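Descriptive structure summary
This is what each chain is made of:
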Amino acid sequence: MIGFGPAVGIKTFIWQNNTRSALLLAGFPVLLVMLVFAVNVLAMGSGLVGSSGGGLADDLALASRNTIASIPLAVVVSVIWFVVAYFGHQSMIDAITGARRVARGEEPELYNLLENLCISRGITMPALRIIETHGLNAYASGLRDGQYTVTVTRGLMNVLGRDELECVLAHELTHILNRDVRTMVIASIFAGIISVVAELIFRGLFRSRGGGRGKNAAPLMLIGLAIGVVGYGLAFLIRMSLSRTREYVADAGAVELTKNPDAMISALRKVSGHSAIEAPEELRGMFLDNTTDKSGFAGLFATHPPIERRVAALIEFSGGRDYDPYQTGLATAVPTT
């Protein structure tokens, strides 16, 4: 397996992705209740709702009782959102990215490339979509057979050669085969809503004119903000749970399907620095490359490994050659360190 760190089998990798998906779904109502408690505390501290009239512990106890009373509503909201996201996640993604579905007659070469890859693995072909943008990127989406989709940008189709484009399609198909696409969709669409809810709540509270005049106003506001920050941080970590190992594995899967590590390396080189497309951060973790990733904290919070490391892994483990993809005939192996 391509990557850095302990190697695991594909079956183990798929099991880990399924486990992550289950944990993400189970954690959604917990995060929602946490945010409800933070709202209760902040509303009490800002004077929007009445306090207990007692000490800080009494106010927190009242906020806890109000939160417990709202748990059924939180569960109902979670279930409704799960249903909406389960059946409508692709429509949401399409609306955000501007992707549209295409048939064989519209893009025969692209369609045939993906179809041949699916035939070679004996799997049902996912839907094919295109985003009309100059950015060079691609992603897979879907939660189960019949929902899976592979999306590429027009820029990617215009710049990449046939072999390079086939490798990108194989990369995205590997995400589907390994089931990590399910984890990506859940973290991006299901759990990503937590960040939006938290931001809306805090904006609303700080724009309100309610004045915290109670004796516990300041500590209540601090406690509520702290809980809200923790909840927002956990939602952020959920998105980061999209293990960067998945990109190394998908690169390896592309090479396994196409037997062409040089084309995969060349595709990554062309994509590097040219992959920007308009999309919220919650969705960028799904992309072939995420240009907004920061290298701070040794890349701890990046959703993707750097292109340089992905290329180095392909050279070391697949025997690929690294060269300037825009200057044909100058292929030169790059030694690994």
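Residues numbered from 1 in each chain as written. Predicted model: local features only at pLDDT ≥ 70, side-chain atom pairs only at ≥ 80, totals over all residues. Heavy atoms only, no water.

Its place among the elements puts Gly224 in helix H8 (residues 217–240). By relative accessible area, Gly224 is classed as buried at 0%. The spatial distance from the C-alpha of Gly224 to the C-alpha of Leu60 is 9.9 Å, given a sequence separation of 164 residues. (Helix = DSSP H or I, 4+ residues; strand = E, 2+ residues; numbered from the N terminus. Buried < 20%, exposed > 50% of the residue type's maximum accessible area, 1.4 Å probe, protein only.)

What follows is about the packing of helix H5 (residues 162–177) against helix H9 (residues 245–258). Relative orientation of the contacting elements H5 and H9 amounts to 125°, with a least axis distance of 7 Å. On the basis of the axis angle, H5 is oblique to H9. As for how H5 packs across H9, the hand of that crossing is right-handed. Listed contacts from H9 to Glu166, Cys167, Ala170, His171, Leu173, Thr174 and His175 of H5 are Arg246, Glu247, Val249, Ala250, Asp251, Gly253, Ala254, Leu257 and Thr258. (Axes fitted to C-alpha atoms, helices over the stretch in contact; angles between N-to-C directions. Parallel < 35°, antiparallel > 145°, perpendicular 65-115°, else oblique. Left-handed = near helix turned anticlockwise from the far one by under 90°. Contact = heavy atoms within 4.5 Å.)

Next up on the list: the sheet that holds strand S2 (residues 127–131). Pairing is mixed across the open sheet formed by four strands, whose spatial order is S1-S2-S4-S3. Each edge of the open sheet carries a strand with a single partner, namely strand S1 (99–101) and strand S3 (138–141). Taking each pair of neighbouring strands and ignoring which way they run, the sheet shows an average axis angle of 25°. For S1 and S2, the ladder comprises three bridges, and the chain directions are antiparallel. Across the sheet, residue Arg100 finds its bridge partner in S2, namely Ile130. In the packing of helix H2 (residues 56–97) onto the sheet, contacts are made with S1, S2, S3 and strand S4 (149–153), and the angle to S3 comes to roughly 160°. The strands touched by helix H3 (residues 108–121) are S2 and S4; relative to S2, the strand with the most contacts, the crossing angle is about 140°. (Pairing = 2+ DSSP bridges.)

Of note in the backbone geometry, Arg179 takes a positive phi value of approximately 65° without being a glycine. Here Arg179 shows up in the loop between H5 and helix H6 (180–190). Owing to a relative accessible area of 23%, Arg179 belongs among the partly exposed residues under this scheme. Even without being glycine, Lys259 reaches a positive phi, approximately 60°. By the secondary structure assignment, Lys259 is in the loop between H9 and helix H10 (261–271).

Okay, a nonpolar patch on the surface next. On the surface, Ile68, Ile71, Val75, Val79, Val83 and Phe87 cluster together into a nonpolar patch covering about 560 Å² of accessible area. Looking at the element boundaries, Ile68 is found in helix H2. (Patch = residues over 30% accessible without salt bridge, like charges linked within 9 Å, V, L, I, M, F, W, Y side chains within 5 Å. Areas by Shrake-Rupley, 256 points an atom, 1.4 Å probe, with all protein chains shown as cover. Salt bridge = Lys/Arg side-chain N within 4 Å of Asp/Glu carboxyl O.)

What follows is about H2. In this model H2 runs just 47 Å from its N-terminal to its C-terminal C-alpha over 42 residues, more than 12% under the 62 Å that 1.5 Å per residue would give. Remark: the principal bend of H2, roughly 70°, maps to Gly88. Looking one or two residues beyond H2, the residue adopting positive phi is Gly98, at roughly 80°. (Expected span 1.5 Å × (residues − 1). Bend = angle between axes of the 7 residues up to and from the residue.)

This paragraph deals with the confidence of the model for the chain. Mean pLDDT over the chain works out to 79, with 75% of the residues at or above the 70 mark. Low pLDDT (under 50) marks residues 1–8, which in the prediction has 19 contacts with non-local residues, meaning those over four places away or in another chain. (pLDDT = per-residue confidence, 0-100.)

Below, the discussion takes up the pairing of S4. On a regular strand, one side chain projects to one face of the sheet and the next to the other, so that they alternate. Of all five residues in S4, five are buried; the element is thus mostly enclosed. By the alternation rule, side chains of S4 split into Thr149, Thr151 and Thr153 and Val150 and Val152, which are all buried. Of the strand pairs in this sheet, S2 and S4 are connected by five bridges, and their pairing is parallel. Considered in S4, the bridge of Ile131 is made with Thr153. The sheet contact formed by S3 and S4 spans four bridges and is antiparallel. In the sheet register, Ala138 faces S4, and the bridge partner there is Val152.

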